[in-house]
Structure formats: C-alpha cells, structure tokens
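Observations on the three-dimensional arrangement
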Amino acid sequence: MGDHREGHLNGPNNPGLGPVVFLDRDGVLTAPVIDSRSDRPESPYRPEDVRLMGGATAALRVLRGIGATLVLVSNQPAAAKGTCSLADLDAVHAEFSRLLAAEGLHLDVVRYCHHHPEATVPRLRGPCECRKPAPGLLVDAARELGLTDFRATWMIGDSDVDIAAGKRVGARTVLIEEPLSVHRRTGSAAPDHRAPSVLSAAQIVADAVGHPRPEDA
Ligand SMILES: [Mg+2]
Ligand SMILES: [Zn+2]
C-alpha cells in the first residue's frame, strides 16, 4: 500500500540516480500538528492541517542541485490505530504533493508504512518489515530504483527510528533535532551528523557529496 510512484528517474537530463536521499516526512518536510486531544505534536491527519516545514522547499532544491534522487520513507500508523482512515492519509499525501508541486518540486519514490503492531484494524496489524526502524521501506524503494549499493545513500530524519533504519542499510545518517519531536529521540541514535533543520541537513549532504569519504575514493 502507499506505493505511489512519482516523476521520472532517468529522464534525458538525469542519466544516473546521483546520491539517493531517503527522507522522513513529519518533522522533516511537514510540520507536526498539535493534536487538540493529546496536546502533543502529531502527524497531520487531515489535508487542511498539512504545512510544509520551514526550509523544506529550500532543502529539496539543494538536494536537486546535487542531482540527488529523493525518496520519502514514512511511518503513518494512524489508520491502523483507528485515529483516521486510509483515505484520510491518502488525502494528506495528496495535499503534501500538491504543496510541493506548487513549488515546482516532487519526490521520486514514495513509500509509507501504514501498519502498527497494536493496530485495532486487523489487516493493518504488524509486525511488518516496513515500519521503521525496520529497513523495509528503504529496501523496497531501492529495489524500484535498481539500487544495490547503499554507500552513496543518505537517511535524513528527526526520530531515532529514522537513524536506525538508515544504519540498517548502510546509509549515512543525519538526525534533525526538531524541538517539536524531541519525544522521538533518546539521545542514543548515534547518527553520522546532527542538524538543527532540514535545510541544514541538506547542506551537510551537499557538502559531503563534494568531499567523499576516503573509503569511497
Ligand atoms: Mg518524523
Ligand atoms: Zn509496515
């Protein structure tokens, strides 16, 4: 489910994949929404709640500027937990895509995990191989891209589980220390880099791609 494929990977001006950058969505590209029931920042469950994160469009432009292939990998268990419907989550994705398109941006591959181990909706109950920290979303997207070597890949996220999933495939990792999602970080993730924002994270990737690690030379 959620196997949206957007855009073209190998257009005439893009003969290779470039660096492949896996991106989490909430707290990275979309702003967390304060849930009125819990008073905590959560994922948007309604299209009217979707806002792009400050710096998100600039970050994606930086990554496009280095020829990166952009892959969204996002856990979205709200329908599994009965908070909203899968149709609601699809509508949220559609609005997210529309906001990006309005800025002339798109993501090359999109993968969502809609499962949860304690789902109230039986067909969405885990365990699954795709809910981060499991690497299934990244592996599945890589398969679609024909990517077999993860050394030139990156994972950018704001939660410990993003960093863990990235490490499982051998991606280099950037943890965004977004204040609204501090409850999703324990301090033990051990990312390769830390950044205060998604734009800063994108600049770290761009700088590193210009200066490969010695073992990649
Ligand atoms: Mg997140
Ligand atoms: Zn899953």
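As the structure is a prediction and not an experimental result, all values here were calculated from the model.

**Topic: the overall build of the chain**
Helix and strand content of the chain: 5 helices and 8 strands. Shown N-terminal to C-terminal, the secondary structure of the chain runs as helices and strands in the order β-β-β-α-β-α-β-α-β-α-β-β-α. For the chain, the proportion of its 217 residues judged to be buried stands at 41%. Partitioning the contacts of the chain with sequence separation of at least 6, the portion at a separation of at least 24 is 67%.

**Description of the sheet that holds strand 7 (residues 172–176)**
Strands sit in the order 5-4-1-6-7-8 across an open sheet of 6 strands; the sheet is parallel. Unpaired on one side and paired on the other, strand 5 (109–113) and strand 8 (193–195) mark the two borders of the sheet. Strand-to-strand, the axes of this sheet are offset by a mean angle of 20°, without reference to chain direction. As defined by bridge partners, strand 7 adjoins strand 8 across 3 bridges and the pair is classed as parallel. Residue Val174 lies in a different strand from strand 8, and its bridge partner there is His193.

**Observations regarding the packing of helix 1 (residues 56–65) against helix 5 (residues 198–210)**
Following both chains from N to C, one finds helix 1 and helix 5 inclined at 10°, their axes separated by 8 Å at the closest point. One way to sum up the angle between helix 1 and helix 5 is to call them roughly parallel. Each of Ala56, Ala58, Ala59, Val62 and Leu63 in helix 1 lies in contact with helix 5, whose residues at this interface are Val198, Leu199, Ala201, Ala202, Gln203, Val205 and Ala206. Considering only residue class, the contact of helix 1 with helix 5 consists of 11 nonpolar, 1 polar and no charged.

**Notes on the nonpolar core**
Core analysis: the biggest nonpolar cluster contains 47 residues, and Val21, Phe22, Val71, Ile156 and Val198 have the highest contact counts within it. Apart from residues lying up to four places away in sequence, Val198 is in contact with Val28, Leu29, Met53, Gly55, Ala56, Ala59, Ile156 and Ile176. One finds Ala80, Leu89, Val92 and Phe96 within the second-largest nonpolar core, a separate group that totals 7 residues.

**Some details on the pairing of strand 7**
Most of strand 7 is tucked away, with 5 of its 5 residues classed as buried. One ladder, built from 4 bridges, connects strand 6 (residues 153–157) with strand 7; its direction is parallel. Counterpart to Trp154 in the pairing with strand 7 is Arg172. As a crossover connection, the stretch from strand 6 through helix 4 (residues 160–169) into strand 7 is right-handed.

**Quick look at helix 4**
What helix 4 keeps buried is the set Asp162, Ile163, Ala164, Ala165 and Gly166. Next to the buried residues of helix 4 lie strand 1 (20–23), helix 3 (136–145), strand 6 and strand 7. Following helix 4 by one or two positions, Gly170 has its phi on the positive side, about 90°.

**What about the confidence of the model for the chain?**
Across the chain, the average pLDDT comes to 90, with 90% of residues at or above 70. When the criterion is pLDDT under 50, residues 1–15 qualifies, and its contacts beyond four places in sequence or with other chains add up to 18 contacts.

**Concerning the environment of Leu147**
Along the polypeptide, Leu147 turns up in the loop between helix 3 and strand 6. Taking the C-beta count within 10 Å as the criterion, Leu147 has 18 such neighbours and is therefore assigned partly exposed. The spatial distance from the C-alpha of Leu147 to the C-alpha of Val20 is 8.9 Å, given a sequence separation of 127 residues. Contacts of Leu147, omitting those with residues within four sequence positions, involve Leu17, Val20 and Ala142.

**Section: helix 3**
Given 3.6 residues to a turn, an α-helix orients residues that are three or four positions apart in the same direction. Listed in full, the buried residues belonging to helix 3 are Leu137, Leu138, Ala141 and Ala142. The arc enclosing the buried residues of helix 3, seen along the axis, measures out at 130°, which places them on a common side. Two residues or fewer after helix 3 comes Gly146, characterised by a positive phi angle close to 75°.

What counts, and where the lines are drawn
- Residues numbered from 1 in each chain as written.
- Chains lettered and ligands numbered in written order.
- Predicted model: local features only at pLDDT ≥ 70, side-chain atom pairs only at ≥ 80, totals over all residues.
- Helix = DSSP H or I, 4+ residues; strand = E, 2+ residues; numbered from the N terminus.
- Buried ≥ 20, exposed ≤ 12 C-beta atoms within 10 Å, placed from the backbone.
- Contact = placed C-beta atoms within 7 Å.
- Pairing = 2+ DSSP bridges.
- Axes fitted to C-alpha atoms, helices over the stretch in contact; angles between N-to-C directions.
- Parallel < 35°, antiparallel > 145°, perpendicular 65-115°, else oblique.
- Nonpolar A, V, L, I, M, F, W, Y, C, P; charged D, E, K, R; others polar.
- Core = buried A, V, L, I, M, F, W, Y, C linked by C-beta atoms within 7 Å.
- Right-handed = clockwise from strand over helix to strand, strands pointing away.
- pLDDT = per-residue confidence, 0-100.
- Arc of directions from axis to C-beta.

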